[in-house]
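# Geometric and topological summary
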Amino acid sequence: MAAAAGPAGAESRVLGYSLHRWSSFSSTYLPEEQNQKLLLFTERSTSYLTFLVVCFCTCFSLNFLLRNILVDRPNDQSSRWSSESNYPPQYLILKLERPAIVQSITFGKYEKTHVCNLKKFKVFGGMNEENMTDLLSSGLKNDYNKETFTLKHKIDEQMFPCRFIKIVPLLSWGPSFNFSIWYVELNGIDDPDVVQPCLNWYSKYREQEAIRLCLKHFRQHNYTEAFESLQKKTRIALEHPMLTDLHDKLVLKGDFDACEELIEKAVNDGLFNQYISQQEYKPRWGQIIPKSTKGDGEDSRPGMRGGHQMVIDVQTETVYLFGGWDGTQDLADFWAYSVKENQWTCISRDTEKESGPSARSCHKMCIDIQRRQIYTLGRYLDSSVRNSKSLKSDFYRYDIDTNTWMLLSEDTAADGGPKLVFDHQMCMDSEKHMIYTFGGRILTCNGSVDDSRASEPQFSGLFAFDCQCQTWKLLREDSCNAGPEDIQSRIGHCMLFHSKNRCLYVFGGQRSKTYLNDFFSYDVDSDHVDIISDGTKKDSGMVPMTGFTQRATIDPELNEIHVLSGLSKDKEKREENVRNSFWIYDIVRNSWSCVYKNDQAAKENPGKSLQEEEPCPRFAHQLVYDELHKVHYLFGGNPGKSCSPKMRLDDFWSLKLCRPSKEYLLRHCKYLIRKHRFEEKAQTDPLSALKYLQNDLYVTVDHSDPEETKEVLLHEGVQRNDPAVPQLTIEVHLLLLHFRGGLHHLQRGVVVVAVLHGLHLLAKSSGTAAGTGANLGAPGCGNGQSLQVDATLKSPNIAS
Amino acid sequence: MSSSGCTFAERRVSVLCCRFCRQVLSWRGMQAVLLADTDTDLYSTDIPPSGTVDFIGSCYFTEICRCKLKNIACLKCGNVVGYHVICPCKPCLLSCNNGHLWMFHSQAVLGINRLDPSGVNVLLWGNLPDLEESTEDTSCTSEEEYIR
């Protein structure tokens, strides 16, 4: 449709408007002149009541208030529109004098920074209040400069006009403060010669969209004549031709084979590639049961613990584990797990005896895979021992090949490095042979001055250790300033080193009672901080699940950060937190996606043993990642059971994240097509349908997916309702054997019922005893309840 | 910190109102002078005003002493009305002071005298009931709960 573009070079000018509607406004500001008068009066006042009366009498007209934002008076703190509260929805609607193409909006400010400035807002526009389009999502800087933003004023390169502009404040610079807008100026074109043609085009555009919706509705409801008539008259295309073809073949003609061919072609042509790349990973957890060596009385694998450390050598596929807290005391044992051998080896029962570190927990370790060395720094001392034990921050290195420990420093603080910290983070840069450590809380003696207000916890900054020269350098001090290179230290955060782009990624954490959800990167070569998300905007970059004991790993090749949520630090939320959540951050796209979330269904279905499927949520555990083989390993931790606070875990899990492939997608599409075909057949020719199920449909079923398998078998069971000829007995029997072998035991109950049902009927029809079915036994029901097979019922009666 | 003689019982209790929007900020204000700069007069209060002000910006230090400060603003109009002493410095702590850690600039608030229950006399600090001390800050323990 040809559109009028408007004359080129139409000038943009200030557009006149008035305040039309608002969600609320705060009417308690006193303009400066009034303020002065009141000041003189109250200084002589001795009574609060008198003061109140005076204030009440100080009237100001609504008109005055309404004009506030039309005038730019930065020195008058009252010259603004302000919401009564910051409880949503808050908005301000401006009505333009004439319809205009609104090209930009300018916000004026107060002469000083002010907490009520809009950190985040949206602007909508439209010809009427009911139909408004999103024109802008942005935020203002908290300063005293005017800011201008371009508003969306084109659709498909064609300008459209607005009569109303709605400003929706979302966040102010202080979360508990109200919203204020000091001054608004709109710029655009309101020349009728330009606006009128745009208005006409816009009306036509909206009409076209309405017609497409009608076409869709008609087709969905099979009003073929109406559909064709409308399409012919308006000549508007509904969709991509391939989709029309598919609709024709599948819905209209029921040509399933042609449909399958079409889908296969689409998959091979790569039409589904984008869809696949955006598919979520499916997590596959597996508990690792290592081989145990013949005992000499001692354990052959690490005991239960929390606050331990693990690192992984991806070259040799070895996981190293050191220290921790077993619920009663610190540990000093050092283990290695070989993935290939599936076996733990104890390298040392007590590293202190071998010139290594003393027993400790909440330390941090990192591994230099190239040089085959492991470093450990920091540890936790609870308040009872803080005055008696040394608070020196010892720093050790373990050499794998020579199996020796070396004390690199008795006290890193004395060497210009960090003081003794716990719950910090440490990363290895093998390429430049550097170690980075950030955050953690500094351990101090319990002072004699017990003024808790005076002794705020101190957090450690960002340090770099040059392994070659063995020197420390402070890169960033803990800073509460909001400068571009300032970073706030914290505990319980995640820090990962991306070996390819050579940046540290830091997010989350806690600072006293505040949970931080900012996310920044630090380029180690250019010494530059880049704030990815300041934690306030609810956009796709915002860190999820803050306040949880997250564990994160990085894949530099795929440019992904993987985060396991852990347990909520909010004890009240724990009841809901029966499953872990797993999130992936795409570094390039700057977006978080959830692989899976807490599943409420799990809570309702306690019979389903989750313990077999995935590790229970916990904290103080360890998660490491083998980026070569794309596997995660998790060990131990604290399940947070308030009834047994000393309990720790010693379970060992692997996690693989699987994304569907092209082949999987094709198979799944075929399954859906064939399943529908089977259902149609079942209504007309049940025997043929059964054959179809057992052959064609069966091959497309994903046997590792319990949902799909169960579905097929239920259908199978229903099908068996009709009297069958004897020769099918063999096929059914084979089916039973096959399915039994490959399924999760919970599903067997369903299988057995379905097939029992069939056999029972068969038996009946061929004259044998009705008890045949029962002899097969019912081993499969995971919940221990007995199966009822009732031949009179049309569908299997599954007791569960 | 503020001080003007070592007893404060004779001082009048003021209602502190935001000068810009008349919102009551505190019912327990005391007119005082700044310890580190006795030319500056201001109002102070002992208990954190809740629901009326909130912190803005980040901590800072002034040249006059080493007390760590953070500004507070009126929740209604968003204008800065004073500051809170996050961490007092030793010299200030050791000098005679009224123990108040919440300060309001005199150009940002209005202080109105409060009357005592008789309704006739001005209420004095000596007659103001002490409020219970808020519970000990448990931030230390909560940080250490989830590490091992």
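Residues numbered from 1 in each chain as written. Chains lettered and ligands numbered in written order. Predicted model: local features only at pLDDT ≥ 70, side-chain atom pairs only at ≥ 80, totals over all residues. Heavy atoms only, no water.

The name given to chain B in an unreviewed UniProt entry is Family with sequence similarity 72 member A, with the source organism recorded as Ficedula albicollis. Among the UniProt annotations of chain B, the heading Sequence similarities (unreviewed entry) holds the following wording: "Belongs to the FAM72 family." (UniProt positions renumbered as here; feature names shortened; annotations may be inferred.)

The name given to chain A in an unreviewed UniProt entry is Muskelin, with the source organism recorded as Ficedula albicollis.

A few words on the overall build of chain B. A count of helical and extended segments in chain B gives two helices and nine strands. For chain B, the sequential pattern of α-helices and β-strands runs β-β-β-β-β-β-β-α-β-β-α. The buried share of chain B, reckoned over its 148 residues, is 51%. For chain B, long-range pairs separated by at least 24 residues make up 53% of all intrachain contacts whose partners lie at least 6 apart in sequence. For chain B, the accessible area works out to roughly 7,100 Å², and carbon and sulfur atoms hold 52% of it. (Helix = DSSP H or I, 4+ residues; strand = E, 2+ residues; numbered from the N terminus. Buried < 20%, exposed > 50% of the residue type's maximum accessible area, 1.4 Å probe, protein only. Contact = heavy atoms within 4.5 Å. Areas by Shrake-Rupley, 256 points an atom, 1.4 Å probe, with all protein chains shown as cover.)

This brings us to the sheet that holds strand 26 (residues 462-466) of chain A. All names here are of chain A. Spatial ordering of the open sheet is given by 23-24-26-27, a layout of four strands whose pairing is antiparallel. Edge strands, defined here as strands with exactly one partner in the open sheet, are strand 23 (425-429) and strand 27 (471-476). Strand-to-strand twist in this sheet, taken as the mean axis angle between neighbours without regard to direction, amounts to 20°. As paired strands, strand 26 and strand 27 are joined by five bridges and run antiparallel to one another. Within the sheet, the bridge partner assigned to Leu462 lies in strand 27 and is Arg476. (Pairing = 2+ DSSP bridges. Axes fitted to C-alpha atoms, helices over the stretch in contact; angles between N-to-C directions.)

Right, let's talk about the pairing of strand 32 (residues 519-523) of chain A for a bit. All names here are of chain A. Counted residue by residue, strand 32 has four buried out of five residues, so it is predominantly covered. One ladder, built from five bridges, connects strand 29 (residues 503-507) with strand 32; its direction is antiparallel. Bridge pairing in strand 32 links Cys503 to Asp523. Pairing of strand 32 with strand 33 (residues 528-533), which is carried by five bridges, proceeds in the antiparallel orientation.

A separate point is the packing of aromatic side chains. All names here are of chain A. Overall, the coordinates contain 40 aromatic pairs over all chains when judged by the stated rule. Judged by centre distance (5.8 Å) and plane angle (50°), the ring pair of Phe322 and Trp405 falls under tilted. Taken together, the residues span a long stretch of sequence, with Phe322 in strand 15 (residues 318-325) and Trp405 in strand 21 (residues 404-409) at a distance of 83 residues. Of the two residues examined, Phe322 and Trp405, each falls in the buried class. Ring centres of Phe463 and Trp472 lie 6.4 Å apart, and the angle between their planes is 85°; on these two criteria the pair is classed as edge-to-face. (Phe/Tyr/Trp six-rings, centres within 6.5 Å; stacked < 30°, edge-to-face > 60°.)

So, on to the packing of helix 4 (residues 192-220) of chain A against helix 5 (residues 224-234) of chain A. Residue and element names in this part refer to chain A. Axis separation between helix 4 and helix 5 bottoms out at 8 Å; the angle between their running directions is 155°. Here helix 5 runs roughly antiparallel to helix 4, going by the angle between their axes. Crossing of helix 4 against helix 5: the hand is left-handed. Within the contact between the two elements, helix 4 uses Ile211, Cys214, Leu215, Phe218 and Arg219 and helix 5 uses Ala226, Phe227, Leu230, Gln231 and Thr234. Looking at the contact of helix 4 with helix 5 residue by residue, the class counts come to seven nonpolar, two polar and one charged. (Parallel < 35°, antiparallel > 145°, perpendicular 65-115°, else oblique. Left-handed = near helix turned anticlockwise from the far one by under 90°. Nonpolar A, V, L, I, M, F, W, Y, C, P; charged D, E, K, R; others polar.)

The next point concerns the sheet that holds strand 16 (residues 330-338) of chain A. Residues and elements named next belong to chain A. Judged by pairing direction, the sheet is antiparallel, and its four strands sit side by side in the order 14-15-16-17 without closing on themselves. Lying at the two open borders of the sheet, with one neighbouring strand each, are strand 14 (309-313) and strand 17 (343-348). Strand after strand, the sheet turns through a mean of 20° between neighbouring axes, direction not considered. Where strand 16 lies against strand 17, five bridges are found, and the strand directions are antiparallel. Considered in strand 17, the bridge of Ala336 is made with Thr345.

Attention shifts here to helix 7 (residues 256-268) of chain A. All names here are of chain A. For helix 7, with 13 residues, the first-to-last C-alpha span of 18 Å sits near the 18 Å given by 1.5 Å per residue. Every buried residue of helix 7 is listed here: Phe256, Ala258, Cys259, Glu260, Leu262, Ile263, Ala266 and Val267. The elements touched by buried residues of helix 7 are helix 6 (241-253) and helix 11 (662-684). After helix 7 finishes, the residue Gly270 shows a positive phi value of roughly 80°. (Expected span 1.5 Å × (residues − 1).)

Among the nonpolar cores identified, the biggest contains 31 residues, and A:Leu94, A:Ile105, A:Ile165, A:Val184 and A:Leu186 are the most heavily contacted of them. When contributions to this core are tallied by element, the ones reaching two or more residues are strand 2 (17-22), strand 4 (92-108), strand 5 (118-126), strand 6 (133-138), strand 10 (162-172), strand 12 (183-189) and helix 4 of chain A. Ranked by residue count, the leading element in this core is strand 4 of chain A, at seven residues. B:Ala32, B:Tyr43, B:Val53 and B:Val85 belong to the second-largest nonpolar core, a separate cluster that totals 27 residues. (Core = buried A, V, L, I, M, F, W, Y, C linked by side-chain atoms within 4.5 Å.)

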